[in-house]
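Geometric and topological summary
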Amino acid sequence: MRAGGRVAGELAVPGDKSISHRALLLGAIARGSTRARGFLAGEDCLATARALESLGVRLEWPTPTEVIVHGVGPQGLVAPPGPLDLGNAGTAIRLLMGLLAPQRFGCTLRGDASLMRRPMERVAAPLRQMGARIDTCDGRPPVVLHGGAPLRAIDYALPVASAQVKSALLLAALGAEGITRLREPAPSRDHTERMLRAFGAEVEQQGATVSLRGGQSLRGTTLEVPGDFSSAAFFLVAGALAAETPLVLRNVGVNPTRTGLLEILRLMGADIRVQRREAQGAEPSADLEVRRSTLRGIRVPEALVPLAIDEFPVLFIAAAAAEGETEVSGAAELRVKESDRLAAMAAGLGVLGVEHRLKPDGLWLRGQGTWRGGHIDSRGDHRIAMAFAVAALRAREPLEIADVANVATSFPGFEATARAAGLQIERH
Ligand code: S3P
């Protein structure tokens, strides 16, 4: 990355990763076919697609960003020929655990080196309470589902705010007898609940508790996938740092359980305007316009942490450019993402010369106008790589970012989009 630069213009980011995974998974066990437009053809969602094909689901691709899922119904999946490899995709492995727990056949789930280090008991333990027979390897993949055990509903209080855990349990609950009730310690993204309703299921939300009756069947439907707010986030921060004229992001998903970063950046003084688009289905979307702003450091409200959980890498870059101190607490979950994101960001901020302190559940840092360049190890984490690509806008010297192939898991075409916006990327 060359140092400095400006961003401006108009761009669109690829489809939402969370929604794209769910479109495939719910479409697979629905009766009839499901069409998803604006689908994210990134490596993570393609891993889900390949897994479903191994489970006997036929997929058609009218265009690279449109998929038709030929649903096989709740009992129609078949035993795969071998272990399912979910690559880097935490959402895929955890939601598949829930989807497959009520099935008659067994199955093994695994992934790449990063996924093999991630905690799976948070899903396996409550699934066992429902009656499923599951083994993990010291809490991590490979996950072995033995199948063939009838599931019963549970009342369960989630120990962490996690949409992946909630969604896995909702998928299992569809195949369990009775009404499952899940209580969240704080709201997490609600795409599964919205999409279940779009497929004709009844899902009840009362305060922090979501309930679902088992045995409901899903009807195939048509879904519009908006742009991924988590991908737009990199350009929101790029704009706040370096858009002398407005940078406009078209058709971005603005489900309020995802837009915590918008609120945090506004608290920091960012000038971001939201123009809502006409609703196209279960998920709201908007055009976002951002301008260079003078940011000030803040103490990030803990209630916003789960609503911005994937955005912390780039938020730390915004904070590093802000006046004064920023402190994040209550974000220990960042340690078990695709990488330990607190440690990865602390190391990178150190390279930039930004004063910071790593905490068990967060990070403190003092912002400064510009910073040094150097060599950043993204640790194979797509969001760490993209966050430091944005950081180059305020660097005085070039930034070399290593291990960036996994950007394709969530944002295929990032390089071209970023260059068009004004980021100065060079390939070595
Ligand atoms: C996701 C939920 C979040 C998020 C992940 C996608 C989802 O994980 O970090 O990128 O699609 O449900 P947790 O639910 O584990 O926090």
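Residues numbered from 1 in each chain as written. Predicted model: local features only at pLDDT ≥ 70, side-chain atom pairs only at ≥ 80, totals over all residues. Heavy atoms only, no water.

1. A closer look at the environment of Ser293
Heads up, the rule is: The helix count covers DSSP runs of H or I at least four residues long, the strand count covers runs of E at least two residues long, and both are numbered beginning at the N terminus. As used in this structure description, the phrase polar contact means that two N or O atoms lie within 3.5 Å; if the pair is within protein, one of them must be able to donate a hydrogen and the other to accept it, and residues adjacent in sequence are counted only when both atoms belong to side chains.
Residue position: Ser293 is located in the loop between β18 (285–291) and α9 (312–321). The spatial distance from the C-alpha of Ser293 to the C-alpha of Ala270 is 5.3 Å, given a sequence separation of 23 residues. Here the side chain of Ser293 touches Asp271 through a polar contact of 2.9 Å, landing on its backbone nitrogen. A distance of 2.7 Å separates a polar atom in the side chain of Ser293 from the backbone oxygen of Arg291.

2. What to know about the domain arrangement of the protein
Inclusion rule: In this document the domain limits rely on a domain assignment from an automatic tool or a database. Pairs of residues are marked as contacts when any of their non-hydrogen atoms sit within 4.5 Å. Accessible-area loss on putting two parts together, using a 1.4 Å probe and summing over both, is the definition of buried area adopted here. What counts as a salt bridge is simple: a side-chain nitrogen of Lys or Arg found within 4 Å of a carboxyl oxygen of Asp or Glu.
According to the domain assignment, the protein consists of domain 1 (9–15 + 226–421) and domain 2 (17–212). Taking the mean C-alpha position of each, domain 1 and domain 2 sit 28 Å from one another. With 26 residues of domain 1 in contact, the opposing surface of domain 2 contributes 24 residues. The contact between domain 1 and domain 2 buries some 2000 Å² in all, and 49% of this surface belongs to carbon and sulfur atoms. Three residues, Arg258, Glu338 and Thr409, lead the burial of domain 1 against domain 2; their summed loss comes to 24% of the area buried on that side. Counting across the interface, domain 1 meets domain 2 through three salt bridges. Notably, a salt bridge pairs Glu338 with Arg118, separated by 3.9 Å at the nearest N-O pair. Elements represented by at least two residues in the side of domain 1 that touches domain 2 include exactly α11 (382–391) and α12 (407–410).

3. Description of the site of the ligand
Selection rule: We call a residue near a given molecule or strand whenever any one of its heavy atoms falls within 4 Å of it. Note that accessible areas follow from Shrake-Rupley with a 1.4 Å probe, and for residues the cover is restricted to the protein chains shown. Put simply, Ala, Val, Leu, Ile, Met, Phe, Trp, Tyr, Cys and Pro go in the nonpolar bin, Asp, Glu, Lys and Arg in the charged bin, and everything else, Gly too, in the polar bin.
Around the ligand lies a shell formed by Ser18, Arg22, Thr91, Arg94, Ser162, Ala163, Gln164, Arg189, Ile309, Asp310 and Lys337. Ala163 is positioned such that a nitrogen or oxygen atom in its backbone is 2.8 Å from an oxygen atom of the ligand. Here Gln164 contributes a backbone N or O atom positioned 2.8 Å from an oxygen atom of the ligand. Contact with the protein chains removes 95% of the 380 Å² of surface that the ligand exposes when unbound. Secondary structure elements with two or more residues in the shell around the ligand: α1 (17–29), α3 (90–100) and α5 (163–174). By residue class, the composition of the shell around the ligand is two nonpolar, four polar and five charged.

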